[in-house]
Amino acid sequence: MAAHDLQAIARTIVADNKGILAADESTGTIKKRLDSIGVESTEETRRAYRNLLFTTPGFEEYIGGVILYDETLRQSADDGTPFAEVLSGKGVVPGIKVDTGAKALALSPGETVTEGLDGLRERLAEYVELGARFAKWRAVITIGDGLPTENCVHANAHALARYAALVQEAGMVPIVEPEVLMDADNTIERCDEVTALTLHAVYDELARAGVDLEGTLLKPNMVISGKGCPVQADASQIAELTVACFLRHVPAAVPGIVFLSGGQSEVQATENLDAINRLGGPWPLSFSYGRALQQSALKAWGGDADNVEAAQAAFLHRARMNARAVAGEWEAELEQAVTA
């Protein structure tokens with residue numbers, strides 16, 4: 001696929017204040033989600049839940065792309081239409097998670113490197129045939145005592161670059177996801193330092209690999225306090241440090257930044273996204289949320305077919321709230337009612 005086609009796909013995903021639904025939970029992760037509502041995780045219950053999300057009337061007004069898991073890309077809606085076709089028919093771009101997970105990094109205790117490069121070229125060719133038009137690869141950077149190490153940051157940046165090059169070679173848009181975890185007790189200032197270090201390394205490696213930045217999207221963490229930090233930064237400080245960090249380290253050629261929620265609550269993720277967009281930058285500043293788009297819908301559904309409409313209303317509400325945040329027009333009062 002020509003470079004301008006990849007650029008058009010990337011821009012389409014984040015056009016008109018739209019974001020991404022991250023529905024790429026692995027079989028193990030979606031089991032935890034279903035366990036939380038007392039539903040057994042089977043291929044059919046997983047399909048039924050994804051069907052609920054993807055057939056929500058009107059969600060395409062707020063969602064420009066959906067990241068799928070391998071199993072989900074091969075599944076179909078209740079009427080037999082493959083999920084990729086369901087999404088494409090709504091004008092939503094189907095994507096696919098292609099890494100195989102973070103594994104322990106040799107000689108670097110407490111750190112990981114993401115695997116999945118072996119055989120990736122062949123898998124990408126199949127995913128294109130199945131209808132995927134973009135891909136996602138998540139690298140994990142941990143903050144801790146002496147962490148991250150230079151070795152960890154470099155290893156993950158290099159893997160992200162190799163992945164991105166293969167994805168563009170296959171005619172797909174790579175989402176580059178270097179996630180600095182917010183699970184520790186670090187200050188927001190330490191998160192700022194590590195995020196800057198990580199982004200700098202990632203874009204150095206992407207340049208070396210010859211990746212066309214205009215045909216990519218970046219999925220990063222916000223600059224935020226660690227969950228265990230006694231001083232939790234508010235939305236205005238999160239926005240100020242996040243935008244400043246990204247202005248320093250993310251090239252303006254990147255057509256969109258789609259933030260991950262990283263374990264934030266649904267409303268917190270939306271509030272912080274809104275604050276970030278009230279400052280703005282040279283790129284669309286959007287969202288690629290999993291739990292922060294799905295948690296209310298999952299609880300409303302509870303595995304009961306009679307609750308599908310209520311669950312879809314909850315999902316649509318969250319999608320709408322985040323689209324308002326991308327426009328810098330979210331207000332806390334908008335959270336008072338969940339309506340379709």
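Preceding block: the structure.
Here goes a summary of the coordinates provided.

Rules used throughout
The numbers attached to residues start from 1 for each chain and follow its sequence in the written order. Reporting of local features is limited, given that this is a predicted model, to residues whose pLDDT is at least 70; pairs of side-chain atoms are given and counted only at 80 or more, and all residues count toward the totals for whole chains, interfaces and linings. Side-chain calculation: all heavy atoms of the structure are included, whereas hydrogens and water are not. In this text, helices come from DSSP runs of H or I with a minimum length of four residues, and strands from runs of E with a minimum of two, each type numbered from the N-terminal end. In protein, a polar contact means a hydrogen-donor-capable atom and an acceptor-capable atom, both N or O and within 3.5 Å, with residues adjacent in sequence counting only if both atoms are side-chain atoms; elsewhere, any N or O pair within 3.5 Å suffices. Here a residue-residue contact requires only that any non-hydrogen atoms of the pair lie within 4.5 Å. Exposure is judged per residue with a 1.4 Å probe applied to protein chains only, and the accessible area is read against the type maximum: over 50% gives exposed, under 20% gives buried, and values in between give partly exposed. The criterion for strand pairing is that DSSP finds at least two bridges linking the strands in question. If the strands point away from the viewer and the path from the first strand over the helix to the second runs clockwise, then the crossover is right-handed. Take the buried residues of types Ala, Val, Leu, Ile, Met, Phe, Trp, Tyr and Cys, join any two whose side-chain atoms come within 4.5 Å, and each joined set is a nonpolar core. Every helix has an expected span of 1.5 Å times one less than the residues it contains. This arc describes the spread of directions from the helix axis toward the C-beta atoms.

### Remarks on the environment of A327
Checked against the element boundaries, A327 lands in the segment after α12 (308-326). For A327 and K18, which are 309 residues apart along the polypeptide, the C-alpha to C-alpha distance reads 9.4 Å.

### So, the side chain of S286
Inspection of the secondary structure puts S286 in strand β10 (residues 285-289). Within polar-contact distance, the side chain of S286 engages the backbone oxygen of K18 at 2.7 Å. Excluding its chain neighbours within four sequence positions, the residues that come into contact with S286 are V14, K18, G19, I257, V258, F259, L273 and V326.

### Examining the environment of G95
Locating G95 in the fold gives a position in strand β3 (residues 93-97). Overall, the relative accessible area of 0% leaves G95 in the buried class. Between the C-alpha atom of G95 and that of V39, which follows or precedes it by 56 residues, the distance is 26 Å. Not counting residues up to four positions away in its chain, the partners in contact with G95 are V66, I67, L68, A132 and F134.

### Describing the pairing of strand β6 (residues 134-141)
Burial within β6 is extensive, with 7 of its 8 residues counted as buried. Two strands pair when backbone bridges link them, and β3 and β6 are joined in this way by 3 bridges, in the parallel orientation. The residue bridging G95 from the neighbouring strand is F134, located in β6. Summarising the sheet, β6 and strand β7 (residues 173-180) pair through 8 bridges and their orientation is parallel. Each residue of the ladder has a partner; that of K136, found in β7, is I175. Of the crossover connections in this fold, the one passing from β6 over helix α7 (residues 150-169) to the parallel β7 is right-handed.

### Topic: the nonpolar core
V66 and Y163 are the most contacted members of the largest nonpolar core, which has 101 residues in total. A per-element tally of this core places α7 first, with 11 residues. Discounting chain neighbours no more than four positions away, the residues touching Y163 are V98, L117, L120, A135, K136, W137, P174 and I175. V14, I67, V93 and F134 belong to the second-largest nonpolar core, a separate cluster that totals 14 residues.

### A few points about helix α9 (residues 235-249)
Each turn of an α-helix holds 3.6 residues, which means side chains three or four residues apart point in the same direction. Taking 1.5 Å per residue, 15 residues should reach 21 Å; α9 reaches 21 Å between its end C-alpha atoms and fits that length. Among the residues of α9, A235, I238, A239, L241, T242, V243, C245 and F246 are the ones counted as buried. In this fold, the buried residues of α9 make contact with α8 (188-208), β8 (217-218), β9 (257-259) and α10 (266-279).

### Regarding helix α6 (residues 120-129)
Buried within α6 are the following residues: L120, L124 and Y127. Within α6, the buried residues cover an arc of 60 degrees as seen down the axis, which keeps them to one side. Among the exposed residues of α6, those pointing more than 90 degrees away from its buried face are E122 and E129. Considering only its buried residues, α6 is in contact with α4 (70-73), β3, β6 and α7.

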